[in-house]
Amino acid sequence: MYDYDLLVVGSANADLVIGVERRPAAGETVLGSDLAVHPGGKGANQAVAAARLGARTALLARVGDDAYGRLLLDSQRAAGVDTVGVLAGGAPTGVALITVDPSGDNSIVVSPGANGRLTPADVRAAAGLLQRSRVVSAQLEIPLETVVEAVRSLAEGSRFVLNPSPPRPLPAEVLAACDPLIVNEHEAKVVLGEACASERPEDWARLLLAKGPRSVVITLGAQGALVASAEGVERVPSTKVDAVDTTGAGDAFTAALAWRLGTGTGLAEAAAYAARVGAAAVTREGAQESFPTAEEVEALCCADPGDGTRTPGTGSDDASGTGSAGESL
Ligand code: ADP
């Protein structure tokens, strides 16, 4: 019935990265390393992550009619993403200018460019794509009104997943559609605003649920994640790995979770799988370059993490929701 397991509606950026001894102060010029250009943006990252796991994935995004736009299209296609929904033109491709110092701290300037021109009219024009997609996921690096239009255009019976990043207060219509709303600790606090006095993720989850989403997932970095729905709040363990670079971990997690939920897997079990995908992603440098295949996730989950949190895996052939990853929860 659905042609796509996942449609990602979101951003695509070229990440321009320069290593520096010291990030420049106001008015200062510093010399840095050779420039490295990487495909990025949360939408593009999520689409690549899902496709690499084997999901039939499409991306609805806007890039510029320029070299960075072509770089982004190439990286999507190389991962197996259907780019029929990637529009070109209207503004230069979105760019993130990133300086990284030896301690790993960075300073980032983002020019949204074409991402800011992905309009509600673009979503309406792509109605056919939305109607053919089992799950639609979005982030907030595109205009909020475009995300609202995506919610209004969902196919009957399809599922909407939102990672509100960068975070901002959300309209009730969008919150009510989220199943789940996926936030990290920082995003949880911003979405909750004044309501968030507690430091306990369990409390954030309950408060977020009260705002209207059907379910909530809070990612907790090396601590794994927490899932919450009308059935209760549950911790999802992480897989112990040697983290090298956490860039893109949240995008990999979200893509994996969205895909597994679409196959009928329950929330806790899908989050356990997504946590392994996120863990695999942090073992390698970069964002899209670090995203694992289903086989790599399987290999990781079968390695003994050494901390008693070992969970049996759900293999790539186990899209039925009958896998046992949730047993240890
Ligand atoms: P974000 O990148 O959005 O801030 P997180 O840092 O919470 O998101 O990471 C997303 C998920 O990736 C986590 O829930 C966890 O499953 C996995 N992850 C991230 N960092 C690590 C780590 N150091 N070790 C193991 N898993 C990790």
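So, a few notes on the structure that sits alongside this text. Each chain carries its own residue numbering, running from 1 in the written order of its sequence. It should be noted that, the model being predicted, local features are given only for residues of pLDDT at least 70 and side-chain atom pairs only at 80 or more, the latter also being counted only at that level, while totals for whole chains, interfaces and linings use all residues. In computing side-chain values, all of the structure's heavy atoms are included and hydrogens and water are not.

## Some thoughts on the layout of surface pockets
A water-sized probe, rolled over the atoms, reveals where empty space remains.
Link 1 in the chain: Here the second largest pocket defines a volume of roughly 200 Å³.
Link 2 in the chain: Both cavities and pockets are sets of points on a 1 Å grid over the protein atoms alone; in a cavity a 1.4 Å probe fits but cannot get out, in a pocket the set is open with protein on both sides within 12 Å along at least five of seven lines, and lining residues sit with an atom within 4 Å of a point. Along the walls of the second largest pocket sit 14 residues, with Ser229, Glu231, Gly232, Leu267 and Ala268 positioned nearest its centre.
Link 3 in the chain: Helical segments are the DSSP runs of H or I of at least four residues, strand segments are the runs of E of at least two, and each set is numbered from the N terminus. Secondary structure elements with two or more residues in the lining of the second largest pocket: β12 (225–229), β13 (232–236) and α10 (267–281).
Link 4 in the chain: In the scheme used here, Gly and all other residues not listed as nonpolar or charged are polar, with Ala, Val, Leu, Ile, Met, Phe, Trp, Tyr, Cys and Pro taken as nonpolar and Asp, Glu, Lys and Arg as charged. A breakdown of the residues in the lining of the second largest pocket according to their chemical character gives six nonpolar, three polar and five charged. Grid points are joined across faces, edges and corners, and a volume is the space filled by probe spheres set on the points.

## Notes on the sheet that holds strand β11 (residues 215–219)
Strand pairs in the sheet, formed through backbone hydrogen bonds, run parallel or antiparallel to each other.
Link 1 in the chain: Strands pair, by our definition, only if DSSP identifies at least two bridges between them. The strand order across the open sheet built from nine strands is β5-β4-β1-β8-β9-β10-β11-β12-β13, with neighbouring strands paired in mixed fashion. With partners counted over all chains shown, the strands left at the sheet margins are β5 (86–88) and β13, one partner each. Across the sheet, the mean angle separating the axes of adjacent strands is 20° when strand polarity is ignored.
Link 2 in the chain: The pairing of strand β10 (residues 178–184) with β11 spans four bridges and is classified as parallel. Bridging from a neighbouring strand, isoleucine 182 pairs with valine 217 of β11. All axes are obtained by fitting lines to C-alpha atoms, using only the stretch in contact for helices, and the reported angles, taken between N-to-C directions, cover 0 to 180 degrees.

## Section: the packing of aromatic side chains
Link 1 in the chain: Geometry of aromatic contacts follows a simple scheme: Phe, Tyr and Trp rings, the Trp one being its six-membered ring, pair when their centres are within 6.5 Å, and the pair is stacked under 30 degrees between planes, edge-to-face over 60, tilted otherwise. The full count for this structure, using the stated rule, is one aromatic pair.
Link 2 in the chain: Ring geometry for tryptophan 259 against tyrosine 273: centres 6.2 Å apart, planes inclined by 65°, an arrangement best described as edge-to-face. With tryptophan 259 in helix α9 (residues 249–262) and tyrosine 273 in helix α10, this pair connects stretches of sequence that are 14 residues apart. Here the two residues tryptophan 259 and tyrosine 273 agree in accessibility, since each one is buried.
Link 3 in the chain: Definition used: whenever NZ (Lys) or CZ (Arg) falls within 6 Å of the ring centre and also within 35 degrees of the ring normal, the charge is taken to sit over that ring. Across from the ring centre of tryptophan 259, 5.3 Å away, lies the NZ or CZ of arginine 260, which sits over that ring.
Link 4 in the chain: Directly above the ring of tyrosine 273 sits arginine 260, whose terminal nitrogen or CZ lies 4.4 Å from the centroid. Burial classes follow relative accessibility: with a 1.4 Å probe on protein chains only, a residue under 20% of its type's maximum area counts as buried, one over 50% as exposed, and anything between as partly exposed.

## Here's the deal with the site of the ligand
Link 1 in the chain: Around the ligand, 16 residues are found, and the nearest of them are Asn184, Thr219, Gly221, Gly224 and Gly250.
Link 2 in the chain: In protein, a polar contact requires one atom able to donate a hydrogen and another able to accept it; more generally it is a pair of N or O atoms within 3.5 Å, and residues adjacent in sequence count only if both atoms are side-chain atoms. Contact distances for the ligand include 2.8 Å between an oxygen atom and a side-chain N or O atom of threonine 219.
Link 3 in the chain: Take glycine 224: an N or O atom from its main chain is 2.8 Å from an oxygen atom of the ligand.
Link 4 in the chain: For every accessible area listed, the method is Shrake-Rupley and the probe measures 1.4 Å; residues are considered covered only by the protein chains on display. Coverage of the ligand by the protein chains reaches 84% of its 550 Å² of free accessible surface.
Link 5 in the chain: Of all the secondary structure elements, the ones that give two or more residues to the shell around the ligand are α9 and α10. Whether a residue is near a molecule or strand depends on its heavy atoms: it is near if one of them lies within 4 Å of it.

## A look at the nonpolar core
Link 1 in the chain: One finds Val217, Phe253, Leu257 and Tyr273 to be the most contacted residues of the largest nonpolar core, which totals 47 residues.
Link 2 in the chain: Broken down by element, this core gets its largest block of residues, ten residues, from α10.
Link 3 in the chain: A contact between two residues is defined here by any heavy atoms of the two lying within 4.5 Å. When neighbours within four sequence positions are excluded, valine 217 is seen to be in contact with Pro180, Leu181, Ile182, Val183, Ala225, Leu226, Val227, Phe253, Leu257 and Leu267. Nonpolar cores are built from buried Ala, Val, Leu, Ile, Met, Phe, Trp, Tyr and Cys residues. Side-chain atoms within 4.5 Å join them into one set.

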